[in-house]
Amino acid sequence: MFHKEGHKIILITLIVVVALFLISDTYVILPWLNMIIMIGLLLFLLLILQFFRNPKRQTSYNNNNIVSPVDGKVVVIEEVFEKEYFKEKRLQVSIFMSPINVHVTRYPIGGQVVYSKYHPGKYLVAWHPKASEENERTTVVVENEVFGPILYRQIAGALAKRIVNYAKEGQQINQGGDSGFIKFGSRVDLFLPLDAKINVSLNQKVRGAESIIAEK
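Residues numbered from 1 in each chain as written. Predicted model: local features only at pLDDT ≥ 70, side-chain atom pairs only at ≥ 80, totals over all residues. Heavy atoms only, no water.

Undergrad: Let's hear about the domain arrangement of the protein chain: which residues, and what values?
TA: Domains assigned within the protein chain are domain 1 (4-52) and domain 2 (65-215). Distance between the C-alpha centres of domain 1 and domain 2: 34 Å. Between domain 1 and domain 2, the residue contacts involve six residues of the former and 11 residues of the latter. With both chains or domains summed, domain 1 and domain 2 bury close to 750 Å², and 63% of this area falls on carbon and sulfur atoms. At the junction of domain 1 and domain 2, the tally comes to one residue pair in polar contact (both at pLDDT 80 or more). Here the side of domain 1 that touches domain 2 is composed, by residue class, of three nonpolar, one polar and two charged. (Domains from an automatic or database assignment. Contact = heavy atoms within 4.5 Å. Buried area = accessible area lost by both parts, 1.4 Å probe. Polar contact = N/O pair within 3.5 Å; in protein donor to acceptor, adjacent residues only side chain to side chain. Nonpolar A, V, L, I, M, F, W, Y, C, P; charged D, E, K, R; others polar.)

Right, dumping it as structure tokens:
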């Protein structure tokens, strides 16, 4: 199953690969060179297909849990001052996605979207300390009766130059549902209440919509 954001790119890639297959088979005389070209084209197609995959996830719906919004590795767990929305201290948990991770962004809790904003910006590498404030990004706040408002931020990186965000203010959403897509690797920051119990550790690998990041 492939994400809708990749349908057009997959179709164009498939057409280009087939066309280059035919050209190579017609004009490349050396059999070994023709084989190398065909293997390279197949590998390129497979990379595009795996990047836009959208596997089904089994979310255990629970308002007392915050699930990971993306697949990746936990790279930050710290108390910070969140400047954009809360303007107070929060627990930040950041998850880095490599180009081989699933890049679907999912809602960490169910509830109502109370804030959704796009910010143009730079394309610093995703692990840069200033990426959260200076890179192209989207900020979404979802609120429920247990945690109150939870903020998550999609952040573009050096390769990720398009962020898709489906969250609309006033929208009622389900935990684990698709909330967006980041193309070609980046990071997502979560900003949680100070009394949230963190269930992950640094460098731990997490799965979107399934791994429990924190609980009450």
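Read on for the rest.
Undergrad: Any chance you could break down unusual backbone geometry for me, citing the residues and the numbers?
TA: For Lys87, which is not a glycine, the phi torsion comes out positive at approximately 55 degrees. Classification of Lys87 as exposed rests on a relative accessible area of 53%. A positive phi angle is found at Asn203, which is not glycine, with a value near 70 degrees. On the secondary structure map, Asn203 appears in the loop between β12 (197-198) and β13 (205-206). When its relative accessible area of 55% is taken as the criterion, Asn203 is described as exposed. (Buried < 20%, exposed > 50% of the residue type's maximum accessible area, 1.4 Å probe, protein only. Helix = DSSP H or I, 4+ residues; strand = E, 2+ residues; numbered from the N terminus.)

Undergrad: An account of the packing of aromatic side chains is needed here, citing residue identities and associated values.
TA: Tallied over the entire structure, the rule returns four aromatic pairs. Centre to centre, the rings of Tyr85 and Phe86 are 5.1 Å apart; their planes meet at 90 degrees, and the pair counts as edge-to-face. On the basis of an interplanar angle of 50 degrees and a centroid distance of 5.1 Å, the ring pair of Tyr85 and Tyr115 is categorised as tilted. You can see Tyr85 sitting in the loop between β2 (72-82) and β3 (88-97) and its partner Tyr115 sitting in strand β5 (residues 111-119), a full 30 residues away along the chain. Residue classification places Tyr115 among the buried positions, given a relative accessible area of 16%. By way of ring pairs, the aromatic residues Tyr85, Phe86 and Tyr115 are connected into one cluster. Above the ring of Tyr166, the side-chain terminus of Lys4 is found at 4.5 Å from the ring centroid. Above the face of the Phe86 ring, Arg90 is positioned so that its terminal group lies 3.7 Å from the ring centre. (Phe/Tyr/Trp six-rings, centres within 6.5 Å; stacked < 30°, edge-to-face > 60°. Lys NZ or Arg CZ within 6 Å of the ring centre and 35° of its normal.)

Undergrad: Can you break down the pattern of salt bridges residue by residue, with the values?
TA: Overall, the coordinates contain 10 salt bridges when judged by the stated rule. The partner of Glu82 in a salt bridge is Arg153, and the shortest N-O contact between them spans 3.0 Å. Taken as a pair, Glu82 in strand β2 and Arg153 in strand β7 (residues 148-155) lie far apart in primary sequence, 71 residues in all. By relative accessible area, Glu82 is classed as buried at 2%. We classify Arg153 as buried; its relative accessible area is 5%. Overlapping salt bridges, with partners in common, bring together Glu82, Glu84 and Arg153 in one network. (Salt bridge = Lys/Arg side-chain N within 4 Å of Asp/Glu carboxyl O.)

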